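Spelled out, the chains give:
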Amino acid sequence: MTASVEELLNAFDSLTDAERLDLLLEILKRTVYLDFPPLSDEDLVLNAEGLFLELDRQEAVYE
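Note that this is a predicted model, so its numbers are computed, not measured.

**Focus: a nonpolar patch on the surface**
Then step 1. Together, M1, V5 and L9 make up a nonpolar patch on the protein surface, roughly 300 Å² of accessible area in all.
Then step 2. Tracing the backbone through its elements, the reader meets L9 in helix α1 (residues 3-13).
Then step 3. L9 sits in the partly exposed class, given a relative accessible area of 40%.

**Brief notes about the pattern of salt bridges**
Then step 1. This model, assessed by the stated rule, comprises three salt bridges.
Then step 2. Of the charged contacts, one joins R30 and E26 as a salt bridge, the two residues approaching to 3.8 Å between their closest N and O atoms. Taken together, the residues R30 and E26, both in helix α2 (residues 17-31) and four residues apart, mark about one turn of the helix.
Then step 3. E54 is the salt-bridge partner of R57, the closest N and O atoms lying 2.6 Å from each other. Residue R57 and its partner E54 are both found in helix α3 (residues 41-62); the two are separated by three residues, about one turn of the helix.
Then step 4. Given the relative accessible area of 30%, E54 is considered partly exposed.
Then step 5. The network of salt bridges with common partners includes E26, K29 and R30.

Rules and cut-offs
- Residues numbered from 1 in each chain as written.
- Predicted model: local features only at pLDDT ≥ 70, side-chain atom pairs only at ≥ 80, totals over all residues.
- Heavy atoms only, no water.
- Patch = residues over 30% accessible without salt bridge, like charges linked within 9 Å, V, L, I, M, F, W, Y side chains within 5 Å.
- Areas by Shrake-Rupley, 256 points an atom, 1.4 Å probe, with all protein chains shown as cover.
- Salt bridge = Lys/Arg side-chain N within 4 Å of Asp/Glu carboxyl O.
- Helix = DSSP H or I, 4+ residues; strand = E, 2+ residues; numbered from the N terminus.
- Buried < 20%, exposed > 50% of the residue type's maximum accessible area, 1.4 Å probe, protein only.

Below, the structure written as C-alpha cells:
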C-alpha cells in the first residue's frame, strides 16, 4: 500500500459516519465505469481469506 493510500485511509477513519457514507457513494459513482481487468482466482481467494480471517477476529472479540 502506498503512503498516499494510507493517508487517505487515515483521513477516512477520522470522518463521521455520515461523511464516510457520502465519500463511499462518491467513490462508487466514480469507479462504476472504470475498465478494470477481471480478478484472478488467486486474487479472489486471497481477498476471501482476508475477509474470513477478519470475521473470525471480530467474532472472537464479541464472544
